[in-house]
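These are the residues of each chain, in order.
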Amino acid sequence: MAERKVLVLFGSQTGTAEDTAERIGREAKRRHFQCRVEALDSYDVANLIHEPLVVFVCATTGQGDPPDNMKMFWRFLFRKSLAPSSLCQLDYAVLGLGDSSYPKFNFVAKKLHKRLLQLGGNPLLPVALGDDQHDLGPDAVIDPWLLALWDRILALYPLPPGLEIISPDVWLPPKYILHFLPEDSPQPEGGPQLPAAAGAVPSQQCPFGARVVANQRVTAEAHFQDVRLMELDISGSGIRYSAGDVVMIQPQNCPEDVQQFCQLLSLDPDRLFVLEPTEPGTALPALLPQPCTIRHLVTHYLDICCVPRRCFFHLLACCSPSPLEREKLHEFSSAQGQEQLYSYCNRPRRTTLEVLWDFPHSSSAVPPEYLLELIPRIRPRAFSIASSMLTHPDRIQILVAVVRYKTQLSKPRRGLCSSWLASLSPEQGDVRVPLWVKKGGMKFPADPDTPVIMIGPGTGVAPFRAAIQERVAQGKRGSYLFFGCRQRSKDFYCQAEWEELVAKGFLTLFTAFSRDQEEKIYVQQRIREQGRLLWELLSSRSAHLYLAG
């Protein structure tokens, strides 16, 4: 009998594709397959010629771009030197996750499917195109496609004699075993530290702890929106960046939420543990020190403030001792219960922590070793860099709009990263923010004679502040900025800076304050008013035009 093993490879930007890949991995194990789930760039692509069965799960980002964790794989796969029969032994299936409101809907999945065919691969099914815009989200496509996929796979690789598919109600073995150390074990000196490789360029696996230098509110105290201009010290990090680049920030949960979570699950926050993979070859989670405290795990790793996905309810149901709670959890995790789940969870933006409070008997029964499968890790957040190294060497500045809004729930919703950043102050001592820098999508012209037109309403002005500072430092003129906000007196970010540059002749500024007069005025009206100038800049002087929201 052919070896029953399946490889699930994912390219994920926000975590949805990774979650789906993990779901496929669990379903494979219930069908007694050996299964590995890996990010495409973590996998040695040269081994693909030896794989008999691979399921690809990939998102499409931006304007038809592959996610960051599959870019190396993508470049390799499209090498012209690859022979048309390279993958003739490969049975494969491609599941795409996208958003049909974008022109290049699921572009990556479609192109991957086509390329695997060109290289001789054998598709088990047509490519599946999950759509965020569907009322039930991508699951509307994923659920029926997976049923058909397992039918095809089991026809090729039947269950071994005497074995049956493991029921969804049965817990699979955890990915990691969590060994608690004796209660009197000494705490790591100075608390658990981030792993740091000497001389390594900061990255998601090895972020740099940047010191908070300043955290200034740039909107009036009376204004409903709290926006901060933050300055972070990157001295000694080796980080270099240009205008248009992006800083990735790894946020953390607030102490009150961590305390509540530990109380709810009867966990001692100061208890030390070490993780051990249950299967050889499984990597330990990046950024988790060994040994680690429960407090560090919950503060820095588990995303207890995210809106839980469907698989969370399925896993929680498996360990629930309460028939009533278990029934409701099963309903939320079923295909038929997706509308109820949307109303309960997604529409009001109910957090994982709040759901755990609503199901107290189930929460208190969660075995600690399943925490890493039940709750996803905290994802980094991206911010446009709002400063230039030419003006602020060894510093990164960002413009942060603190996310806070009301839903039908009594407690206001808060953005995890922006609320945490807003709470930090240099007066608290040596306060650090884990970060690294990524190349952005905007490239500004090197030619000093090329005019630059920038349209940046609200915090969309951040990358243009970096570009203008850079251009001024290089002695370039010909910068045109369209900025819009509600009121000149309340949310005109960096007003003094812009006015000084206008006075010195480095900047031409057009503003729209929508609420400063009876009739609302927006940036697009100012653009229309300046149509003649813009057309002259674009048609006669080859200006570059940029828009950021």
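Procedures and definitions
All residue numbers here refer to positions counted from 1 along the written sequence of the relevant chain. Predicted model: local features are reported for residues with pLDDT of at least 70 only, side-chain atom pairs are reported and counted for 80 or more only, and whole-chain, interface and lining totals are derived from all residues. Excluded from the side-chain calculations are hydrogens and water; all other atoms, namely the structure's heavy atoms, are used. For two strands to pair, DSSP has to find at least two bridges joining them. Put simply, DSSP marks the helices as runs of H or I at least four residues long and the strands as runs of E at least two long, and each gets a number from the N terminus on. Residue ranges for the domains trace back to a domain assignment, done automatically or taken from a database. Residue contacts are defined here by distance: any two heavy atoms, one from each residue, within 4.5 Å place the two residues in contact. When two components associate, each loses some accessible surface as probed by a 1.4 Å sphere; the sum of these losses over both components is called the buried area. Note on definitions: salt bridges are taken to be side-chain nitrogens of Lys or Arg within 4 Å of carboxyl oxygens of Asp or Glu. In this count, Pro and Cys sit with the nonpolar residues alongside Ala, Val, Leu, Ile, Met, Phe, Trp and Tyr, while Asp, Glu, Lys and Arg are called charged and the others, Gly among them, polar. UniProt positions are given in the numbering used here, feature names are shortened, and annotations may be inferred rather than shown by experiment. For the purposes of this analysis, a disulfide is any pair of cysteine sulfur atoms at a distance within 2.5 Å. In this text, buried Ala, Val, Leu, Ile, Met, Phe, Trp, Tyr and Cys residues form a nonpolar core when linked through side-chain atoms within 4.5 Å. The buried label goes to any residue with under 20% of its type's maximum accessible area, the exposed label to any with over 50%, and the partly exposed label to all in between, with areas taken from a 1.4 Å probe on protein chains only. Note on geometry: axes are C-alpha line fits, over the in-contact stretch for helices, and angles between N-to-C directions span 0 to 180 degrees.

(A) Spatial organisation of the sheet that holds strand β12 (residues 292-293). If you trace the three strands from one edge of the open sheet to the other, you get β7-β11-β12, paired in antiparallel fashion. Looking along the sheet, the strands with just one partner apiece sit at the ends: β7 (176-180) and β12. In terms of strand pairing, β7 meets strand β11 (residues 272-277) through five bridges, oriented antiparallel. Bridge pairing links Leu178 to Leu275 in β11.

(B) Examining the domain arrangement of the protein more closely. Along its sequence, the protein is carved into domain 1 (5-156), domain 2 (208-250 + 380-438), domain 3 (255-276 + 287-374) and domain 4 (452-547). Tallying the contact residues gives 20 residues for domain 2 and 16 residues for domain 4. Taking both partners together, domain 2 and domain 4 bury about 1,500 Å²; carbon and sulfur atoms supply 65% of that area. Here domain 2 and domain 4 share zero salt bridges between them. Going through the elements one at a time, β9 (227-233) and β14 (395-401) are the ones with two or more residues in the side of domain 2 that touches domain 4. Looking at which element gives the most residues to the side of domain 2 that touches domain 4, the answer is β14, with three residues. Class assignment for the residues of the side of domain 2 that touches domain 4 results in eleven nonpolar, nine polar and no charged.

(C) Structural context of the UniProt feature "domain: Flavodoxin-like" (unreviewed entry) in the protein. UniProt's feature table lists "domain: Flavodoxin-like" (unreviewed entry) at residues 6-150, given in the numbering used throughout. With 32% helix and 23% strand, residues 6-150 has its two end C-alpha atoms placed 11 Å apart.

(D) Broad picture of the state of the cysteines. In the structure shown here, the tally under the stated rule is zero disulfides. Cys306 provides the cysteine sulfur closest to Cys311, a residue in no disulfide bond, and the two sulfurs are 9.6 Å apart. No disulfide involves Cys485; its sulfur sits 11 Å from the nearest other cysteine sulfur, which is in Cys494.

(E) Representation of unusual backbone geometry within the structure. A cis amide bond links Gln290 to the next residue, Pro291, at an omega of -5 degrees. On the secondary structure map, Pro291 appears in the loop between β11 and β12. One non-glycine residue, Ser266, lies in the positive phi region at around 55 degrees. Relative to the helices and strands, Ser266 resides in the loop between α5 (255-264) and β11. Of note, Cys494 is a non-glycine position whose phi angle comes to about 60 degrees, a positive value. Relative to the elements of secondary structure, Cys494 occurs in the loop between α15 (488-491) and α16 (495-503).

(F) Summary view of the nonpolar core. Residues Phe261, Leu297, Leu302, Phe313 and Leu316 are the most contacted members of the largest nonpolar core, which totals 39 residues. The leading source of residues in this core is helix α7 (residues 310-318), at five residues. Aside from chain neighbours lying at most four places away, what touches Leu316 is Leu329, Leu356, Phe359, Ser362, Ser363, Val366 and Leu374. Judged by nonpolar contacts, the second largest core, of 29 residues, contains Ala386, Trp498, Leu501 and Tyr546.

(G) Layout of the sheet that holds strand β17 (residues 432-438). Taken together, the six strands give an open sheet; going across it, the order is β13-β10-β17-β8-β9-β14, and neighbouring strands pair in antiparallel fashion. Edge positions in the sheet fall to β13 (381-384) and β14, since each of these pairs with one other strand and no more. Shown here is a sheet whose adjacent strand axes are inclined to one another by a mean of 40 degrees, direction ignored. Judged from the seven bridges that link them, β9 and β14 form a sheet pairing that is antiparallel. Note on β14: the bridge partner recorded for Val227 is Ala401.

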